Amino acid sequence: MTTEIAQFMRTLERRWDDHLEALFISRDVEAAMAGMAAATSVRHIPTMTGADGWPEVERFYRDLVLPHLPGDLGFTRRSRTVDRFHLVDELTVSFLHDREVAWLIPGIEPTGRHASVTAIVVVAFDRGAIASQRTLWDGASLAAQLGVTVGPPQESRSG
């Protein structure tokens, strides 16, 4: 690997870290969007929440994510892999379920329980800008920690 490629990969890491800090720490949507490609997309696989395109992603962050951030939301990185086109983070996401978290587990009223779940984030870059984010976590494990039953409704049988 050349020095230039190594520096470029570190730049991609900084771009992603700056994005996370702007969104989840500073809660500054404009700063979070600054490093994103015009045709960016965000998709949370378990819930299929997210958006496609700059205006929709900006609206998703402003209207669905920021108002629904738990007060003590925390991320602990377990591993990171990066190349010239992608970054993959394995994170532990923990929080007190003190409000509905519509982008993470929609439709569930606050339970007051603490939850911790592993998340995998795959970030694609286009010319150094964040082109897409795909996040996956174990929704069933998260629901169980919150005391919520997920799955198809049970049929009632009366005899």
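I will try to describe carefully the structure that is included in this document. Fair warning: this is a prediction, and the values are worked out from it, not measured in the lab. (Residues numbered from 1 in each chain as written. Predicted model: local features only at pLDDT ≥ 70, side-chain atom pairs only at ≥ 80, totals over all residues. Heavy atoms only, no water.)

### Some points on the overall build of the protein chain
The criterion, for reference: To qualify as a helix, a DSSP run of H or I must reach at least 4 residues; to qualify as a strand, a run of E must reach at least 2; elements of each kind are numbered from the N terminus. Each residue is placed in one exposure class: buried if its accessible area under a 1.4 Å probe, protein chains only, is under 20% of its type's maximum, exposed if it is over 50%, and partly exposed if it falls in between. The criterion used for residue contact is that any of the two residues' heavy atoms lie within 4.5 Å. To measure how exposed things are, a 1.4 Å probe is used in the Shrake-Rupley method; for residues, cover is taken only from the protein chains shown. Lys and Arg are tallied as positive, Asp and Glu as negative. Neither His nor the chain termini are counted. Charge placement uses NZ in Lys and CZ in Arg. For Asp and Glu, CG and CD serve respectively.
Secondary structure summary: the protein chain contains four helices and six strands in total. The N-to-C order of helical and strand elements in the protein chain reads α-α-β-β-α-β-β-β-β-α. Its C-alpha atoms put the protein chain at 70 × 30 × 30 Å along the principal axes. For the protein chain, with 159 residues in total, the buried portion stands at 42%. Taking contacts inside the protein chain between residues at least 6 apart in sequence as the whole, the part at least 24 apart equals 57%. Summing over all exposed atoms, the protein chain offers an accessible surface of approximately 8,800 Å²; the carbon and sulfur share of this is 51%. When the 16 basic and 21 acidic side-chain charges of the protein chain are each reduced to a single mean position, those positions are 3 Å apart.

### Structural notes on the sheet that holds strand 2 (residues 49-52)
We apply this condition: Strand pairing is assigned whenever DSSP detects at least two bridges linking the two strands. Here an axis means a line fitted to C-alpha atoms, over the contact stretch when the element is a helix, while the angle between two N-to-C directions is reported on a 0 to 180 degree scale.
Strand order in the open sheet formed by six strands is 2-1-6-5-4-3, and the pairing between neighbours is mixed. With partners counted over all chains shown, the strands left at the sheet margins are strand 2 and strand 3 (74-82), one partner each. Across this sheet, the average inter-strand angle for adjacent strands is 20 degrees, counted without regard to direction. Bridge count for strand 1 (residues 36-44) against strand 2 is four bridges, and the pairing is antiparallel. What sits directly across from serine 41, in strand 2, is aspartate 52. Across the sheet, helix 1 (residues 3-26) is in contact with strand 1, strand 3, strand 4 (86-96), strand 5 (114-126) and strand 6 (129-137); its angle to strand 3 comes to roughly 160 degrees. Strands in contact with helix 3 (residues 54-65) are strand 1, strand 2 and strand 6; relative to strand 1, the strand with the most contacts, it is inclined by about 50 degrees.

### A word on the pairing of strand 6
Buried residues dominate strand 6, accounting for seven of its nine residues. Two elements, strand 1 and strand 6, share five bridges in a ladder whose sense is parallel. Within strand 6, the position partnered with serine 41 by the bridge is serine 132. Across eight bridges, the pairing between strand 5 and strand 6 is antiparallel.

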